[in-house]
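# Remarks on the overall topology
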Amino acid sequence: MFYWLLKYVVLGPLLKLLFRPEVRGLSHLPRNGPVILACNHLSFSDSIFTPLMVDRRVTFVAKAEYFTGKGIKGWLMRQFFAGTGTIPVDRSGGKAAQAALETLLRVLREGGVAGIYPEGTRSPDGRLYRGKTGVARLALESGAVVVPVALLNTDEIQPTGTLIPKVQRVRMRFGAPLDFSRYAQSKGDRFVERAITDEIMYELMALSGREYVDVYASSLKTSIEAPSSPSRRGAGVPEGR
């Protein structure tokens, strides 16, 4: 109940008024049945704008620390994440990624919409990085279609490290659903999972116009020097295409 109140009464109308979303391809989203929204990840605000544009409830996962803060700030964050349908997941230890996938898999088995960032973390410089195969495992285990979602300028609206977003038009693109049911008998095959993931990343590259880099963003986050402006499409294509 709080999710819909926040989305349609308290927060959603204000955000739409301020940021005047420009969204294309939203008709690609199926009206029912399990759907995975596979998004590129440029900003903290991605998890706000994506559910805002979709009529169906969208569930993301977030680290449990966002739900355990103290004081007024901690309370506000807990209420915000709970209201936006975000589920806390303990990301400490080696089973963190599996816990997140199992949480989203439950949502999909109930016929819901699960949001995931295949890159696993925010891009350190605006480019698109190699996807992790969790999104492929979700698709194979649930039978859900995958809708690629490209956030085009949220890194300009709320750069990493900033608290207050800039008020400017947010732009998004939804791609056509990707159906991987032809691989239903290949669950657990890491080569198939890699091929599916690369196909998804290719579509995100085409939708976003961002340069693709065939390494994991997490491996570069502490060492890469971000360019003055995000690089655009043209440098690379994910393997498997």
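A brief look at the structure comes next. What you see is a predicted model, and the numbers here were worked out from it, not measured in a lab. (Residues numbered from 1 in each chain as written. Predicted model: local features only at pLDDT ≥ 70, side-chain atom pairs only at ≥ 80, totals over all residues. Heavy atoms only, no water.)

### Description of the sheet that holds strand β1 (residues 22-24)
By way of backbone hydrogen bonds, the strands of a sheet pair with one another, either parallel or antiparallel. Taken together, the six strands give an open sheet; going across it, the order is β1-β9-β8-β2-β6-β3, and neighbouring strands pair in mixed fashion. Of all strands in the sheet, those bounded by a partner on one side alone are β1 and β3 (58-59). Pairing of strand β8 (residues 145-151) with strand β9 (residues 171-174), which is carried by three bridges, proceeds in the antiparallel orientation. Each bridged residue has a counterpart across the sheet, and for Ala-150 the counterpart in β9 is Arg-173. (Pairing = 2+ DSSP bridges. Helix = DSSP H or I, 4+ residues; strand = E, 2+ residues; numbered from the N terminus.)

### Observations regarding the pattern of salt bridges
Taken as a whole and assessed by the stated rule, the structure comprises nine salt bridges. Measuring nitrogen to oxygen at the nearest pair gives 2.7 Å for the salt bridge that ties Arg-127 to Asp-125. The exposure classification of Arg-127 matches that of Asp-125, with both residues buried. Linking Asp-214 and Arg-130 is a salt bridge whose minimum nitrogen-to-oxygen distance equals 3.1 Å. (Salt bridge = Lys/Arg side-chain N within 4 Å of Asp/Glu carboxyl O. Buried < 20%, exposed > 50% of the residue type's maximum accessible area, 1.4 Å probe, protein only.)

### Quick notes on the pairing of β9
Inspection of the sheet shows β1 paired to β9 by three bridges, in the parallel sense. Opposite Glu-22, over in β9, you have Arg-171 as the bridge partner.

### Digging into the environment of Ser-142
Within the secondary structure layout, Ser-142 lies in helix α6 (residues 134-142). Along the sequence, Ser-142 and Leu-105 sit 37 residues apart, while their C-alpha atoms lie 6.6 Å from each other. Sequence-distant contacts of Ser-142, that is, excluding residues within four places in its chain, are made with Ile-36, Leu-105 and Leu-108. Separated by 2.6 Å, the side chain of Ser-142 and the backbone oxygen of Leu-138 make a polar contact. A distance of 3.1 Å separates a polar atom in the side chain of Ser-142 from the backbone nitrogen of Ala-144. (Contact = heavy atoms within 4.5 Å. Polar contact = N/O pair within 3.5 Å; in protein donor to acceptor, adjacent residues only side chain to side chain.)

### Quick notes on the packing of aromatic side chains
Under the definition given, this model contains three aromatic pairs. Ring geometry for Trp-4 and Tyr-8: centres 5.9 Å apart, planes at 10 degrees, overall stacked. Of this pair, Trp-4 and Tyr-8 both sit in helix α1 (residues 2-10), separated by four residues, roughly a single helical turn. Its relative accessible area of 33% is what places Trp-4 among the partly exposed residues. Residue Tyr-8 is classed as partly exposed on the basis of its relative accessible area of 42%. Measuring from centroid to centroid gives 5.2 Å for Phe-60 and Tyr-117, while their planes differ by 20 degrees, and the two rings are stacked. On the criterion of sequence distance, the pair formed by Phe-60 in the loop between β3 and β4 (61-63) and Tyr-117 in the loop between β6 (113-116) and β7 (128-129) is long-range, its members being 57 residues apart. (Phe/Tyr/Trp six-rings, centres within 6.5 Å; stacked < 30°, edge-to-face > 60°.)

### A look at helix α2 (residues 12-19)
Every buried residue of α2 is accounted for by Gly-12, Leu-15 and Phe-19. Viewed end-on, α2 has its buried residues packed into an arc of 65 degrees, placing them on one side of the element. Residues of α2 that are buried in the fold lie against α1, α3 (46-53) and α7 (154-157). One or two steps after α2, the chain reaches Arg-20, where phi turns positive at roughly 40 degrees. (Arc of directions from axis to C-beta.)

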